[in-house]
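Each chain is listed here by its residues.
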Amino acid sequence: MKNALALMTLAAALASTSSLAIAQTTDGVLTVATIGEPPTLDVIQTATDIVLTIDQHIFETLYTYDNEWRSVPLLALAMPEISEDGLTYRIPLREGVTFHDGSDLDAKDVTASLTRWMAVNSKGKQVAEVVESLSEDGPNTVVVKLKSRYAPLLATFSQASVIMPSEKIADTLTEFVGTGPYALKERKPDQYTQLVRFDGYKSPEGEPSNYAGKRVAIAKEIRFVPVPDANTRVEGLISGQFDFADSLPVSAYERVEASGKAKAVIYENTGWASLNMNMKEGLLTRKELRQAVQAALNPNDMMLAAFSDERFFSVDASIFPKGSLWYTEAGVARYGEGDPEEAGKLLADAGYDGTPLRLMTSRQYEFHYKIGEVAKAYLEAAGFKVDLQVVDWATLTTRRADPKEWDIFITHSNFPGDPTTINTITDSYPGWYVSDQKAAAVAAYMDAVSDADKQKAWEGIQTVIYDDAPLFKVGNFNAVTGVGAGIADYTPTYWPHFWNVTPKQ
């Protein structure tokens, strides 16, 4: 009778346990086709999408994003205790977390990692300006003291501010040791980056929600394979060579669906495409010429060329999409059908002398290239002379760091949990957007406490962005990726992740 009761109790417990809690690890391998070779695995140094996608399996941050893009605990045990004046954050750490080298996570690792992040990373440098001190209170608590209120602090602690052993930290990393569900085994440039299951991984609790919640390394190994050509990624997915293929052209959607060998996956409002302008050196240091770029362009034609079908994009002047807390039409100007007359007048007023406008793009993100082709045509129609430079993505991310090398580069971004963490708002992000009115608008946001006050302050920031013209927002897009037949439990996210994913048997 006791044995029967015990079995009944066990069965009830298992029935109430989530599928992830009893997920079986396998010896399977997930082969992931990425858009190209990562320039580095040091995400603090280079926080591009390809690096973030790979590194999130190796490294973890204090906080991460849930389905609503709110910051929630990851390596932190709980949300921080914040002083009444909003200047002191006490962050408790989860205990029992170990690094891939077997050492225990403690507060010294966190302060050392965040110190490097604040010295190297563009967003980290912005945080460093408001941090008075960063210290440990025992082995499991970190204390951050600020000089002034800083609304996006937790958002910045949720992306790229990865934690590693203090002993491994160096100006140039030679070892990539984290706390994530997978550890780096081998990297062969232009061939693959091989990650293997970390058997000592300690997962956070809770139902999976975007990047938050339970993480299980079901696959024994993940191989990230650089495949710069989009059509090659499609063919490899359909043939079974790849289990997942990132950033597929929308033109391949129907073919993948009809193949019977894979399924096309759409992630809505993945992000927004933009033309980012160089405000530090060169032709576009003059506001009138940046505004001429805005006036000249037709966002609908650029997005239609890039994505072919309105299922895959929307054109919206608001930096954040409809339905977002941050959606607003405040300040919108020089956004519409493209106005060559207005652009030409701005060019004449600025005394444009025909100097070529260096527009840099990449074919590794095919939609970047197509946007660039249409942008070139509209800019030339307005009177600009355009030098369209097509380079690989690694070269673009390297070259854009030098203000002497370019005038515009095409990129894309996600919609972050806090609007002031948008790359362009950071003074040191390539483009070097610095202006007095931006500084005042951002300062007003930093002092806001309630969501209503933050929304009003964000309207002020968007208004300033349209006036200063550090960028041109092209539109919002949905991403198309592909998952091979037999792959189970994949959930689309902005940076694709492969914990909780079951490989084919």
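- Looking at an unreviewed UniProt entry, one finds the chain named Peptide ABC transporter substrate-binding protein, with Shinella yambaruensis as its source organism.
- The record held by UniProt for the chain lists under Subcellular location (unreviewed entry) the comment "Periplasm".
- Word for word, the UniProt comment on the chain under Sequence similarities (unreviewed entry) is "Belongs to the bacterial solute-binding protein 5 family."

Let's talk about the pattern of salt bridges
Then, number 1: Taken as a whole and judged by the stated rule, the model has 20 salt bridges.
Then, number 2: Among the ionic pairs, Arg116 bridges to Asp42, the shortest N-O distance being 2.5 Å. Linking Arg116 in helix 3 (residues 107-120) with Asp42 in the loop between strand 1 (29-34) and helix 2 (49-55), this pair joins segments that are 74 residues apart in sequence.
Then, number 3: What makes Arg116 buried here is its relative accessible area of 7%.
Then, number 4: Here the salt bridges do not stand alone but share partners, grouping Glu254, Asp309 and Arg311 into one network.

Looking at the packing of helix 8 (residues 287-296) against helix 10 (residues 340-350)
Then, number 1: Packing of helix 8 against helix 10 leaves a shortest axis separation of 8 Å and a crossing angle of 165 degrees. With respect to helix 10, the axis of helix 8 lies roughly antiparallel. Both helix 8 and helix 10 take part in a crossing whose hand is left-handed. Of the residues in helix 10, those in contact with Glu288, Leu289, Gln291, Ala292, Ala295 and Ala296 of helix 8 are Glu342, Ala343, Leu346, Leu347 and Ala350.
Then, number 2: Looking at the contact of helix 8 with helix 10 residue by residue, the class counts come to 8 nonpolar, 1 polar and 2 charged.

Focus: helix 14 (residues 451-468)
Then, number 1: Its 18 residues place the ends of helix 14 25 Å apart at the C-alpha level, agreeing with the 26 Å of an ideal helix rising 1.5 Å per residue.
Then, number 2: Contacts made by the buried residues of helix 14 are with helix 8 and helix 13 (436-447).

Looking at the UniProt feature "domain: Solute-binding protein family" (unreviewed entry) in the chain
Then, number 1: According to UniProt, the "domain: Solute-binding protein family" (unreviewed entry) feature falls on residues 72-414.
Then, number 2: Taken end to end, residues 72-414 is 28% helix and 22% strand, and its two terminal C-alpha atoms sit 18 Å from one another.

Thoughts on the side chain of Gln294
Then, number 1: Mapped onto the elements, Gln294 comes out in helix 8.
Then, number 2: When neighbours within four sequence positions are excluded, Gln294 is seen to be in contact with Met277, Arg334, Ile465, Tyr466, Ala469, Leu471 and Phe472.

Points about helix 8
Then, number 1: Judged by how many residues are buried, helix 8 sits mostly within the fold: 8 of 10 residues are covered.
Then, number 2: Residues Leu289, Arg290, Gln291, Ala292, Val293, Gln294, Ala295 and Ala296 constitute the buried set of helix 8.
Then, number 3: Residues of helix 8 that are buried in the fold lie against strand 12 (262-277), helix 10, helix 11 (366-382), strand 16 (408-413), helix 14 and strand 17 (471-484).

So, unusual backbone geometry
Then, number 1: Positive phi is not limited to glycine here, since Asn210 has a value of about 60 degrees.
Then, number 2: Phi at Asn269 is positive, roughly 45 degrees, even though this residue is not glycine.
Then, number 3: Assignment of secondary structure puts Asn269 in strand 12.

Here's the deal with the environment of Leu357
Then, number 1: Within the secondary structure, Leu357 sits in strand 14 (residues 357-361).
Then, number 2: Sequence separation between Leu357 and Lys385 is 28 residues, and the spatial gap between their C-alpha atoms is 6.0 Å.
Then, number 3: Dropping the residues within four chain positions of it, Leu357 is found in contact with Leu283, Leu284, Leu379, Phe384, Lys385, Val386, Asp387, Asp407 and Ile408.

Details of the nonpolar core
Then, number 1: Counting 83 residues, the largest nonpolar core has Leu62, Val144, Phe157, Trp458 and Phe498 as the members making the most contacts within it.
Then, number 2: With sequence-adjacent residues up to four places away left out, Trp458 is seen in contact with Ile319, Phe320, Trp326, Thr328, Pro419, Ile422, Ile425, Tyr445 and Ile465.

Considering the side chain of Arg290
Then, number 1: One can find Arg290 in helix 8.
Then, number 2: This buried residue, Arg290, is left without a salt bridge; Asp468 holds the nearest opposite charge, at 5.2 Å.
Then, number 3: Of note is the side chain of Arg290, whose polar atom sits 2.9 Å from the backbone oxygen of Asp468.

What to know about empty space enclosed by the protein
Then, number 1: Enumeration according to the criterion identifies 5 cavities of 30 Å³ or more in this entry.
Then, number 2: Forming the walls of the largest cavity are 32 residues, and the residues nearest its centre are Asp246, Ser247, Tyr365, Phe367 and Ala479.
Then, number 3: Residue assignment for the lining of the largest cavity shows that the elements contributing at least two residues are helix 2, strand 12, helix 9 (299-307), helix 11 and strand 17.
Then, number 4: Top contributing element to the lining of the largest cavity by residue count: strand 17, with 5 residues.

Brief notes about the packing of helix 13 against helix 14
Then, number 1: Interaxial distance between helix 13 and helix 14 falls to 8 Å at its minimum, and their mutual angle equals 165 degrees. In terms of orientation, helix 13 and helix 14 fall into the roughly antiparallel class. When the axes of helix 13 and helix 14 are compared, the crossing they make is left-handed. Touching Gln437, Lys438, Ala441, Val442, Ala444 and Tyr445 of helix 13 are Lys454, Ala457, Trp458, Gly460, Ile461, Val464, Asp467 and Asp468, all from helix 14.

Each value, and the rule that gives it
- Residues numbered from 1 in each chain as written.
- Predicted model: local features only at pLDDT ≥ 70, side-chain atom pairs only at ≥ 80, totals over all residues.
- Heavy atoms only, no water.
- UniProt positions renumbered as here; feature names shortened; annotations may be inferred.
- Salt bridge = Lys/Arg side-chain N within 4 Å of Asp/Glu carboxyl O.
- Helix = DSSP H or I, 4+ residues; strand = E, 2+ residues; numbered from the N terminus.
- Buried < 20%, exposed > 50% of the residue type's maximum accessible area, 1.4 Å probe, protein only.
- Axes fitted to C-alpha atoms, helices over the stretch in contact; angles between N-to-C directions.
- Parallel < 35°, antiparallel > 145°, perpendicular 65-115°, else oblique.
- Left-handed = near helix turned anticlockwise from the far one by under 90°.
- Contact = heavy atoms within 4.5 Å.
- Nonpolar A, V, L, I, M, F, W, Y, C, P; charged D, E, K, R; others polar.
- Expected span 1.5 Å × (residues − 1).
- Core = buried A, V, L, I, M, F, W, Y, C linked by side-chain atoms within 4.5 Å.
- Lys, Arg positive; Asp, Glu negative; His and termini not counted.
- Polar contact = N/O pair within 3.5 Å; in protein donor to acceptor, adjacent residues only side chain to side chain.
- 1 Å grid on protein atoms, 1.4 Å probe; cavity = no way out; pocket = protein on both sides within 12 Å on 5 of 7 lines; lining within 4 Å.
- Points joined across faces, edges and corners; volume = space filled by probe spheres on them.

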